[in-house]
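Residues per chain are reported as follows:
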Amino acid sequence: MQQAPVTPFYLSPLLGYPFALFYRHYLFYKDSYLIHLFHTFTGLSIAYFNFGNQLYHSLLCIVLQFLILRLMGRTVTAVLTTFCLQMAYLLAGYYYTATGNYDIKWTMPHCVLTLKLIGLAVDYFDGGKDQNSLSSEQQKYAIRGVPSLLEVAGFSYFYGAFLVGPQFSMNHYMKLVQGQLTDIPGKIPNSTIPALKRLSLGLVYLVGYTLLSPHITEDYLVTEDYENRPFWFRCMYMLVWGKFVLYKYVTCWLVTEGVCILTGLGFNDFEEGKAKWNACANMKVWLFETTPRFTGTIASFNINTNAWVARYVFKRLKFLGNKELSQGLSLLFLALWHGLHSGYLVCFQMEFLIVIVERQAARLIQESPALSKLASITVLQPFYYLVQQTIHWLFMGYSMTAFCLFTWDKWLKVYKSVYFLGHVFFLSLLFILPYIHKAMVPRKEKLKKME
């Protein structure tokens, strides 16, 4: 199958800006059906620009989802049918189009659409429940009305999020259409400057990625030259590449966030009298660049997708009664949602392992009087930070190796070249830290006597 060219895909997020300007000046506060039609038409145009006639995949799934909502109503059956159908369609797309390389094809925006449609079904189901039986979060997203086909299409094809996200709810989208997402009631949102700030930041990352991408590539990881380099060089290259490879995602999300802010979709109420425009933020850039912890990077990266998984998968698995099991199943879902390559499973398995170990280590330092005292020495803080950042990005690169190389023969070769350092390091800590904790953290009775 012929793959879609790369250039249109990277130009497409920028098309959202003229679309957003047109919407602001000619459609804000206009009839809802006109806005839905505009969003549908522009989204379909972007789909055709990138994937040609393959846009029928998204169109078919949207129509089927509308029929499920209408024919099955607010039932568990509708939710399960939606989940199975939409995930099966996405996974079938991965199966029939997958290669061993990073390809731009119709499945890329379709994975975003899949989450939107599953979330839509769950929110519609919640809308039929007694409001008192729902959590405050579920009440916020529950859909009380019955969406029309045009509303579902406009929500799905919204040009500011069709290709790479972010995720947002049908209720939030309808607030946009109804003109509620503005910091100046009755007027166009005063969001041009916040939008340009995110666009500018995205372009800075784009320049950085463009300059470095010819010199730092994942392809080099599987070369004989990389394998023959000294061990320290292999680790340092993996560390630098692991940080840099994420910049392409950061670029796309910042650019699309600017589009969402420009339309008003990014409006997130007020804080201390000042409008917040972070409702569609997929990146916390400062946290991403400065955090020395894996959990910090997770909290700063692909925020809306992580929030979606937390809301519709992790919290819905509460009945299992095991937080770590729910987290593991959520990460398994994320791995399958990304694709069928073994590298995705390995990457998210590493994330699960690293997060558990990091929490154990943080708890040990916090509860051990000796380690807590040592960690609080001010003059050593820069040294601690440097060590943490080195460990952080080395093993982030280690995890991303499997994610970006996809197939087992490639990532296995690289892991062998660094002696499975990430697995050895964190599996060892997983078993050792509980014993260290037992030895270094006194029991409560001892602590009381010490006091």
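Everything quoted here is computed from the prediction, not taken from an experiment.

Visitor: Sorry if this is basic, but what is going on with the overall build of the protein chain here?
Guide: When helices and strands are tallied, the protein chain shows 22 helices and 2 strands. The C-alpha atoms of the protein chain give a radius of gyration of 24 Å, which matches the 22 Å a tight globule of 451 residues would have. On the principal axes, the C-alpha backbone points of the protein chain span a range of 70 × 60 × 45 Å. When contacts within the protein chain are restricted to residue pairs at least 6 apart in sequence, long-range pairs at least 24 apart make up 73% of them. Taken as a whole, the protein chain presents about 22200 Å² of accessible surface, with 65% of it coming from carbon and sulfur. Each charge sign in the protein chain was given a centre, from 38 positive and 25 negative side chains, and these centres are 5 Å apart.

Visitor: Explain the pattern of salt bridges to me, please; I cannot follow it from the model alone.
Guide: Two side chains with opposite charge may pair up if their charged atoms get near one another. Summed over the entire model, instances satisfying the criterion amount to 9 salt bridges. Across the salt bridge formed by Arg229 and Asp225, the nearest N and O atoms sit 3.5 Å from each other. On the accessibility criterion, Asp225 (40% relative accessible area) is partly exposed. Arg293 serves as the salt-bridge partner of Glu358, at 4.0 Å between the closest nitrogen and oxygen. Of the two residues, Glu358 is situated in helix α17 (residues 342-367) and Arg293 in the loop between α13 (285-290) and α14 (294-300); the sequence distance between them amounts to 65 residues. The buried category is assigned to Glu358, whose relative accessible area is 13%. Here the salt bridges share partners, and the residues they tie into one network are Asp126, Lys129 and Arg316.

Visitor: So what exactly am I meant to see when it comes to helix α16 (residues 323-338) here?
Guide: Quick reminder: α-helices carry 3.6 residues per turn. Residues three or four places apart thus point the same way. Relative to the 22 Å expected for 16 residues at 1.5 Å per residue, α16 spans 23 Å between its end C-alpha atoms, a close match to the ideal helical length. Within α16, burial applies to Ser326, Gln327, Ser330, Leu331, Phe333, Leu334, Ala335 and Trp337. Contacts from the buried residues of α16 go to α4 (76-97), α5 (107-126), α15 (303-314) and α17. With a side-chain oxygen lying 3.0 Å from the backbone nitrogen of Glu324, the N-terminal cap of α16 falls on Asn322. Count one or two residues on from α16 and you reach Gly339, which has phi positive near 155 degrees.

Visitor: When you look at helix α3 (residues 56-72) in this model, what are you seeing that I'm missing?
Guide: For α3, spanning 17 residues, the distance from its first C-alpha to its last is 24 Å, which sits close to the expected 24 Å at 1.5 Å a residue. Buried within α3 we find His57, Ser58, Cys61, Ile62, Gln65, Phe66, Ile68 and Leu69. Seen along its axis, α3 keeps its buried residues to an arc of 165 degrees; they face one direction. On the buried face of α3, the contacting elements are α4, α5 and α7 (149-157).

Visitor: Would you explain the UniProt feature "transmembrane region" (unreviewed entry) in the protein chain in this entry?
Guide: Within this structure's numbering, the places UniProt gives as "transmembrane region" (unreviewed entry) are residues 6-26, 55-72, 79-97, 141-165, 246-267, 331-357, 390-408 and 420-441. Taken end to end, residues 79-97 is 100% helix and 0% strand, and its first and last C-alpha atoms sit 27 Å apart. When the span residues 246-267 is considered, its composition is 77% helix and 0% strand, and the gap between its end C-alpha atoms is 26 Å.

Visitor: Sorry, what's going on with the side chain of Lys243 here?
Guide: Mapped onto the fold, Lys243 is located in helix α11 (residues 231-244). With relative accessibility at 15%, the residue Lys243 sits in the buried group. A polar contact is formed between the side chain of Lys243 and the side chain of Glu289, at a distance of 2.9 Å. Setting aside residues up to four positions removed in sequence, Lys243 forms contacts with Phe288, Glu289 and Trp393.

Visitor: Looking at this model, I keep getting lost on the state of the cysteines. Mind explaining?
Guide: As used in these notes, a disulfide is a covalent bond between sulfur atoms, one from each of two cysteines. Taken as a whole and judged by the stated rule, the model has 0 disulfides. Here Cys235 is not cross-linked by a disulfide; its sulfur's nearest cysteine counterpart is in Cys404, at 18 Å. When its relative accessible area of 10% is taken as the criterion, Cys235 is described as buried.

Visitor: Even after reading the chapter, I still don't get a nonpolar patch on the surface, so can you show me in this structure?
Guide: Taken together, the side chains of Tyr95, Tyr96, Phe319, Leu320, Leu325, Leu329, Leu332, Leu336, Leu340 and Leu345 define a hydrophobic patch exposed on the protein surface, amounting to about 1000 Å² of accessible area. At 4 residues, the largest contribution of residues to the nonpolar patch is made by α16. Among the secondary structure elements, Phe319 is positioned in the loop between α15 and α16.

Cut-offs applied
Residues numbered from 1 in each chain as written. Predicted model: local features only at pLDDT ≥ 70, side-chain atom pairs only at ≥ 80, totals over all residues. Heavy atoms only, no water. Helix = DSSP H or I, 4+ residues; strand = E, 2+ residues; numbered from the N terminus. Rg over C-alpha atoms; globule rule 2.2 N^0.38 Å. Contact = heavy atoms within 4.5 Å. Areas by Shrake-Rupley, 256 points an atom, 1.4 Å probe, with all protein chains shown as cover. Lys, Arg positive; Asp, Glu negative; His and termini not counted. Charge placed at Lys NZ, Arg CZ, Asp CG, Glu CD. Salt bridge = Lys/Arg side-chain N within 4 Å of Asp/Glu carboxyl O. Buried < 20%, exposed > 50% of the residue type's maximum accessible area, 1.4 Å probe, protein only. Expected span 1.5 Å × (residues − 1). Polar contact = N/O pair within 3.5 Å; in protein donor to acceptor, adjacent residues only side chain to side chain. Arc of directions from axis to C-beta. UniProt positions renumbered as here; feature names shortened; annotations may be inferred. Disulfide = S-S within 2.5 Å. Patch = residues over 30% accessible without salt bridge, like charges linked within 9 Å, V, L, I, M, F, W, Y side chains within 5 Å.

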